[in-house]
Protein chains: 2
Amino acid sequence: MTERLLFGPGPSLVTSRVMSALARPVLGHLDPVLLGVMDDLRARLARVCHAPPGSRVFAVSGTGTSAMETSVANLMEPGKKALVVVTGYFGLRLADIARRYGAEVRTVECEWGRAIDPAAVESALSAFPADIVAIVHAETSTGVRNPVREVAALAHARGALVIADCVTSLGGQEVDMAGWGLDVVYSGAQKCLGAPSGLAPIAFAPAALARMVACRSFYFDAALLEDYWAARKYHHTICSSLVFAFHEALVAIEEEGLEARWARHANVHRAFATGLADLGLSLLPPEDERLMTLNAVRIPDGVNDVAVRTALRERFSIEIGAGMGPLGGKIWRIGLMGASATEAHVLTLLGALKLTIAD
Amino acid sequence: MTERLLFGPGPSLVTSRVMSALARPVLGHLDPVLLGVMDDLRARLARVCHAPPGSRVFAVSGTGTSAMETSVANLMEPGKKALVVVTGYFGLRLADIARRYGAEVRTVECEWGRAIDPAAVESALSAFPADIVAIVHAETSTGVRNPVREVAALAHARGALVIADCVTSLGGQEVDMAGWGLDVVYSGAQKCLGAPSGLAPIAFAPAALARMVACRSFYFDAALLEDYWAARKYHHTICSSLVFAFHEALVAIEEEGLEARWARHANVHRAFATGLADLGLSLLPPEDERLMTLNAVRIPDGVNDVAVRTALRERFSIEIGAGMGPLGGKIWRIGLMGASATEAHVLTLLGALKLTIAD
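Cut-offs and rules
Residues numbered from 1 in each chain as written. Chains lettered and ligands numbered in written order. Predicted model: local features only at pLDDT ≥ 70, side-chain atom pairs only at ≥ 80, totals over all residues. Helix = DSSP H or I, 4+ residues; strand = E, 2+ residues; numbered from the N terminus. Rg over C-alpha atoms; globule rule 2.2 N^0.38 Å. Buried ≥ 20, exposed ≤ 12 C-beta atoms within 10 Å, placed from the backbone. Contact = placed C-beta atoms within 7 Å. Domains from an automatic or database assignment. Nonpolar A, V, L, I, M, F, W, Y, C, P; charged D, E, K, R; others polar. Pairing = 2+ DSSP bridges. Axes fitted to C-alpha atoms, helices over the stretch in contact; angles between N-to-C directions. Core = buried A, V, L, I, M, F, W, Y, C linked by C-beta atoms within 7 Å. Right-handed = clockwise from strand over helix to strand, strands pointing away. Least-squares fit on C-alpha atoms with pLDDT ≥ 70 in both. Parallel < 35°, antiparallel > 145°, perpendicular 65-115°, else oblique. Left-handed = near helix turned anticlockwise from the far one by under 90°. Arc of directions from axis to C-beta. Expected span 1.5 Å × (residues − 1).

A count of helices and strands for chain A gives 13 helices and 14 strands. Radius of gyration (C-alpha) of chain A: 20 Å, near the 21 Å computed for a compact globule of 359 residues. Considering only C-alpha atoms, chain A reaches an extent of 55 × 55 × 30 Å along its principal axes. Within chain A, the proportion of its 359 residues that are buried is 59%. Of the contacts formed within chain A by residues at least 6 apart in sequence, a portion of 73% connects residues at least 24 apart.

This brings us to the domain arrangement of chain A. Interfaces are often described in size by the accessible area the parts lose on coming together. Residue and element names in this part refer to chain A. One can read the domain layout of chain A as domain 1 (5-11 + 258-358) and domain 2 (17-255). The straight-line distance from the C-alpha centre of domain 1 to that of domain 2 is 26 Å. Between domain 1 and domain 2, the contact holds 28 residues from the first and 28 residues from the second. Taken together, the elements giving at least two residues each to the side of domain 1 that touches domain 2 come down to helix H11 (258-278), strand S11 (294-298) and strand S14 (331-335). If you tally residues by element for the side of domain 1 that touches domain 2, the top one is H11, at five residues. A class-by-class count of the residues in the side of domain 1 that touches domain 2 yields 17 nonpolar, seven polar and four charged.

All names here are of chain A. Spatially, S2-S10-S9-S8-S5-S3-S4 is the arrangement adopted by the seven strands of the open sheet, whose pairing is mixed. Because the sheet does not close on itself, it has two edges, and the strands there are strand S2 (56-60) and strand S4 (104-109). Going from strand to strand, the sheet's axes swing by 15° on average, the running direction of each strand aside. The sheet strands contacting helix H2 (residues 32-49) are S2, strand S9 (184-186) and strand S10 (200-204), and the helix crosses S2 at an angle near 110°.

With 262 residues, the main nonpolar core has A:Ala98, A:Ala203, B:Ala98 and B:Ala203 as its most contacted residues. Look past the residues within four positions of B:Ala98 in its chain and what remains in contact with it is B:Val72, B:Met76, B:Ala82, B:Val84, B:Ala103, B:Val105 and B:Ala134.

Now for the pairing of strand S3 (residues 81-86) of chain B. All names here are of chain B. Extensive coverage of S3 is indicated by the burial of five of its six residues. In terms of strand pairing, S3 meets strand S4 (residues 104-109) through six bridges, oriented parallel. For Lys81, the partnering residue across the bridge sits in S4 and is Glu104. Taken together, S3, helix H4 (residues 89-100) and S4 form a β-α-β motif whose crossover is right-handed. Bridge analysis of S3 against strand S5 (residues 132-136) gives three bridges, and the strand direction is parallel. When the bridges of S5 are listed, Ala82 appears paired with Ile132.

By a simple turn and slide, chain A fits onto chain B: the slide is 0.0 Å along the axis, the RMSD is 0.0 Å, and the turn is 180°. Accordingly, the operation relating the two chain copies is best matched by a two-fold axis. When C-alpha distances to the rotation axis are compared across chain A, the minimum falls at A:Gly62, with a value of 2.6 Å. Of all interface residues in chain A, 98% are interface residues in chain B too; the two copies therefore contact each other through one and the same surface.

Moving on: the interface of chain A and chain B. In this complex, chain A contributes 45 residues to the contact, which on the side of chain B involves 44 residues. Residue assignment for the side of chain A that touches chain B shows that the elements contributing at least two residues are helix H1 (16-22), helix H3 (64-73), helix H4 (89-100) and helix H10 (240-256) of chain A. Residue composition of the side of chain A that touches chain B, by class: 18 nonpolar, 18 polar and nine charged.

Now for the packing of H11(A) against helix H13 (residues 343-358) of chain A. Residues and elements named next belong to chain A. Running from N to C, H11 and H13 cross one another at 20°; their axes reach a closest spacing of 9 Å. Judged by the inter-axis angle, H11 sits roughly parallel to H13. Where H11 crosses over H13, the handedness of that crossing is right-handed. Contact residues: H11 offers Val268, Ala271, Phe272 and Gly275, while H13 offers Glu343, Val346 and Leu350. Across the contact of H11 with H13, the residue classes tally to five nonpolar, one polar and one charged.

We now examine the sheet that holds S11(A). Pairing is antiparallel across the open sheet formed by three strands, whose spatial order is S11-S14-S13 (chain A). Strands at the two margins of the open sheet, each flanked by one partner only, are S11 and strand S13 (321-322) of chain A.

Residue and element names in this part refer to chain A. Among all positions of helix H5 (residues 118-127), only Val121, Ala124 and Leu125 are buried. The buried residues of H5 occupy an angular sector of 100° when the element is viewed end-on, so they sit on one face. Every exposed residue of H5 that faces more than 90 degrees away from the buried side is listed here: Ala119, Ser126 and Ala127. Structurally, H5 contributes buried residues whose contacts are with strand S3 (81-86), S4 and helix H6 (148-157).

Once that is clear, we can look at H13(A). All names here are of chain A. Spanning 16 residues, H13 covers 23 Å between terminal C-alpha atoms, matching the ideal 22 Å at 1.5 Å per step. Turning to H13, its buried residues number three or more, namely His345, Val346, Leu349, Ala352, Leu353 and Thr356. One face of H13 carries all of its buried residues, which in axial projection span an arc of 140°. What points out from H13, more than 90 degrees from its buried face, is the exposed set Ala344 and Ala358. On its buried face, H13 sits against strand S1 (5-6), H11, helix H12 (305-316) and strand S12 (318-319).

A separate point is the packing of helix H12 (residues 305-316) of chain B against helix H13 (residues 343-358) of chain B. Residue and element names in this part refer to chain B. Look at H12 against H13: their axes get within 10 Å of each other, and the N-to-C directions meet at 120°. With respect to H13, the axis of H12 lies oblique. Crossing hand, H12 versus H13: right-handed. Residues Val308, Ala311, Leu312 and Phe316 of H12 form the contact with H13, whose own contacting residues are Ala352, Thr356 and Ile357. When the residues that make up the contact of H12 with H13 are grouped by side-chain class, the tally is six nonpolar, one polar and no charged.

So this is what it looks like as structure tokens:
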């Protein structure tokens with residue numbers, strides 16, 4: 001039985017409290033006890049997202065990517081124009097899925113490792129009357145936080161809806177769906193929210209609900225999913241184990257307090273960044289564009305990417321992530337999210353990095 | 001913490017052995033240890049399905065319905081003709097999803113509670129040159145086993161591919177993908193296979209692989225999923241907990257032996273049917289059309305459906321399922337699958353039914 005210190009881009013470590021919930025006896029998907037837990041789960045999710053009143057909030061029975069596809073599948077179809085902000089791999093994925101669902105897609109891009117300049121979005125919108133702007137808040141491939149609040153304001157000024165991918169931010173740093181005017185927010189359970197993967201929260205604000213299309217997918221059809229979560233109309237056999245675990249993780253989040261949790265992630269990030277500097281290592285994004293949850297660490301010249309990751313795993317049972325796409329071999333992706341985000345883990349990780357890089 | 005005896009249409013009871021696997025420490029989706037387990041899992045799945053050489057076998061990160069959609073999404077598109085055999089709710093669902101993906105759909109139907117007559121399929125095929133015939137092997141809504149082997153032979157004689165939904169049969173009664181000439185077989189983890197829901201196995205035979213379409217879905221794209229399972233190309237963050245549990249369930253299946261497991265399900269079904277007759281209760285399908293896994297029990301006149309199910313749950317913590325669609329209020333759906341399929345459970349269940357119906 002292998003046990004790892006999970007400091008990659010997700011999954012993060014899961015507390016024993018949440019693992020115990022995962023191991024509760026299985027219940028049927030229509031059991032009144034499970035339905036009660038699901039009701040409470042969606043109420044907690046709405047609070048964690050700060051979803052505006054009248055939003056529909058539930059979890060898709062899949063990973064974060066399933067929620068990404070759900071956001072697109074219910075808002076895009078042939079004839080819809082989508083502007084997708086691409087600052088890394090997950091922006092590319094959003095654009096890919098939007099095209100698959102028939103939308104006319106334009107992208108606005110920047111160098112990987114930088115946040116989008118809202119002026120570039122404004123310029124793109126002036127040339128392309130988008131129905132929807134889709135943007136990744138926390139770009140997991142580059143460690144960058146995009147200015148979704150500013151982009152949402154620009155989009156709304158032109159009547160476009162805003163989809164925000166918050167897979168690597170929700171529960172770890174501020175996401176204010178109502179305050180920032182985000183029309184769809186989705187995430188995954190296994191990063192800052194502290195549960196295993198397999199349930200992916202998504203929230204549709206009333207403005208998005210007013211512009212839903214006929215969904216081509218059955219599994220991702222938000223109307224059917226809402227009927228399932230709210231009216232108990234059979235749609236699929238949700239995994240009670242994942243529901244119990246995710247619910248327990250959300251209870252723990254509210255016990256800690258959302259703002260305290262954001263502060264914990266920020267403090268841990270800063271401690272890690274300081275320690276990295278002491279080791280002569282640096283982060284890819286400029287300081288004010290960095291995530292508090294996922295750190296893109298430049299691999300120093302002369303250091304073997306694979307050898308270091310292998311040594312971390314084999315000697316210390318530590319997982320960190322590799323770079324993706326153009327950043328392959330150039331960065332490590334080091335997540336300190338959920339239960340992984342502690343000062344103690346920062347010490348372990350810095351010590352292990354120091355020893356491993358020196359070898 | 002609620003514990004139920006799960007005798008509904010799924011989920012079934014999960015052994016403590018499998019629950020222990022579920023509770024193993026979380027691993028990253030690219031961890032070599034997890035990848036090794038996934039390799040072994042797909043090899044075991046191929047054996048359980050009896051998939052022909054050259055098949056692609058993996059699990060979708062979703063419930064059985066996600067595998068149903070995966071089967072359609074990779075084989076149907078506008079211009080494709082699909083004949084869907086509808087003998088209950090899940091046949092209707094298959095037809096719905098086929099239409100969503102743009103196929104021209106015809107259905108061949110019969111009364112709910114009966115198996116399709118292969119002659120009806122032959123007649124439908126002579127009038128409609130289908131590219132694909134889709135059929136539910138084990139119709140969970142009616143307790144009926146459809147003659148997929150005979151239907152597959154008819155379909156192949158006309159050059160059509162065959163998709164077979166084996167959600168409620170695989171692992172509980174014979175499914176012989178290679179021997180019966182099924183081109184796509186899918187299932188769910190939570191019925192006869194003995195794991196929690198959340199991973200859904202699917203197998204594409206070479207003939208299906210030769211006729212795949214450009215999949216519109218990203219999450220269900222079989223080419224991307226194969227790259228993920230075989231070439232480790234990132235697609236989504238699979239839940240290691242579900243992988244461990246499902247793998248352990250498959251190990252247990254092969255330890256028991258597939259044929260012994262089918263025999264266990266058949267014996268338990270017969271014992272239950274005999275006991276039902278002693279109580280004056282009867283099964284909906286004719287004897288030679290019945291599943292060995294899921295029993296559609298007629299609700300006697302004068303017996304209150306909801307009251308009985310509620311009493312079973314509240315007094316005995318037993319779950320059984322309600323009828324669906326036109327069978328709502330007319331049958332109970334009683335599954336004896338996986339770890340739920342034991343003689344001891346039959347005794348418990350018959351005793352509880354007797355006491356509850358008498359009340």
